[in-house]
Amino acid sequence: MKFESIEPGTWPELIYPAYKSTVKRGPLQPNLRIEAPVPVTRNVVTEPRILLPHDADLTAVGASEPLGEKIVVTGRVVDEDGKPVRNSLVEVWQANSAGRYWHSKDQHAAPLDPNFYGLGKMLTDDEGRYRFVTIKPGPYPWGNHDKAWRPAHIHFSLFGNVHAQRLVTQMYFPNDPLFDYDPIFQSVPDEAARQRLISRFSLEHTVGSEMLGYEFDIVLRGRNATPMGL
């Protein structure tokens, strides 16, 4: 990742006081560039064998259908010139339709769904496109401040040409009333960059009467880069 090719204001500040935990964990010293002593020669290509049969369908892991609104999410991963990032590993994780994660630290008063774990992964194709089926996540309280609720979102993790290179972002849904009140979303200084975190409803990718479609393109560098580090 060429950090100098990112437009100022695209990435969130490392310390954003309204997002309280960044005050404790955010670095106080400037980043250091570490040059690799030798070029990368191993682990350059992600093998398809790491994928399990239902990794790209988060609704197919249980004994029956999970609760909630079934959706399909698709998009392209591209560089600053619009060229596809091929064979790149994309991981996703999210809360269920009630706004609860399948994780021991999430103990808020919302039900777990035994048919939904909220975890998936896939590889981009030759056009840089990914696609997965899931349940639209619900908002949830997170304790950052009084009446703190996170907008519905899906976490994305993207790997570079080695697994040590990793970028993380979040995809939101259109017209969420919680945007103005969420410090994580608002931590991205540039308003146009924040809008690039919001997916687009897609009738083209909607599957009949089964599930609505959403598109979310991820741009890794340049003026239209997707905010990362969220």
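In what follows, the structure referred to is the one given above.
My aim in this report is to walk through the structure given alongside it, one point at a time. The model shown is predicted, which means the values in this text are computed figures rather than measured ones.

Calculation rules
Residues numbered from 1 in each chain as written. Predicted model: local features only at pLDDT ≥ 70, side-chain atom pairs only at ≥ 80, totals over all residues. Heavy atoms only, no water. Helix = DSSP H or I, 4+ residues; strand = E, 2+ residues; numbered from the N terminus. Rg over C-alpha atoms; globule rule 2.2 N^0.38 Å. Buried < 20%, exposed > 50% of the residue type's maximum accessible area, 1.4 Å probe, protein only. Contact = heavy atoms within 4.5 Å. Areas by Shrake-Rupley, 256 points an atom, 1.4 Å probe, with all protein chains shown as cover. Lys, Arg positive; Asp, Glu negative; His and termini not counted. Charge placed at Lys NZ, Arg CZ, Asp CG, Glu CD. Pairing = 2+ DSSP bridges. Axes fitted to C-alpha atoms, helices over the stretch in contact; angles between N-to-C directions. 1 Å grid on protein atoms, 1.4 Å probe; cavity = no way out; pocket = protein on both sides within 12 Å on 5 of 7 lines; lining within 4 Å. Points joined across faces, edges and corners; volume = space filled by probe spheres on them. Nonpolar A, V, L, I, M, F, W, Y, C, P; charged D, E, K, R; others polar.

## Section: the overall build of the chain
Next up, step 1: When its secondary structure is counted, the chain shows three helices and eleven strands.
Next up, step 2: Reading the chain from its N terminus to its C terminus gives the helix and strand order α-β-β-β-β-β-β-β-β-α-α-β-β-β.
Next up, step 3: Expected size for 230 residues packed as a compact globule is a radius of gyration near 17 Å; at 18 Å, the chain falls within 12% of this value.
Next up, step 4: Its C-alpha atoms put the chain at 50 × 45 × 35 Å along the principal axes.
Next up, step 5: Buried positions account for 44% of the 230 residues belonging to the chain.
Next up, step 6: Taking as baseline every contact in the chain between residues at least 6 positions apart, the subset at least 24 positions apart corresponds to 68%.
Next up, step 7: In the structure as shown, the chain presents an accessible area of about 13,200 Å², 54% of it carried by carbon and sulfur atoms.
Next up, step 8: With 25 positive and 28 negative side-chain charges, the chain shows a separation of 5 Å between the mean positions of the two kinds.

## Thoughts on the sheet that holds strand S3 (residues 119–123)
Within a sheet, each strand pairs with its neighbour through backbone hydrogen bonds, oriented either parallel or antiparallel.
Next up, step 1: Spatially, S3-S2-S7-S8 is the arrangement adopted by the four strands of the open sheet, whose pairing is antiparallel. Lying at the two open borders of the sheet, with one neighbouring strand each, are S3 and strand S8 (166–172). For this sheet the average axis-to-axis angle between neighbouring strands, irrespective of direction, equals 20°.
Next up, step 2: Bridge analysis of strand S2 (residues 89–94) against S3 gives five bridges, and the strand direction is antiparallel. In the strand pairing of S3, leucine 89 is matched with leucine 123.

## Examining empty space enclosed by the protein
Empty space among the atoms can be located by rolling a probe the size of a water molecule over them.
Next up, step 1: Overall, the coordinates contain one cavity of 30 Å³ or more when judged by the stated rule.
Next up, step 2: If you add up the space inside the largest cavity, you get close to 30 Å³.
Next up, step 3: Every residue along the wall of the largest cavity is listed here: Gln94, Ala95, Asn96, Arg100, Tyr101, Trp102, Leu112, Asp113, Phe116, Tyr117 and Gly118.
Next up, step 4: Here the lining of the largest cavity is composed, by residue class, of six nonpolar, three polar and two charged.

What is shown is where atoms sit, not what they do.
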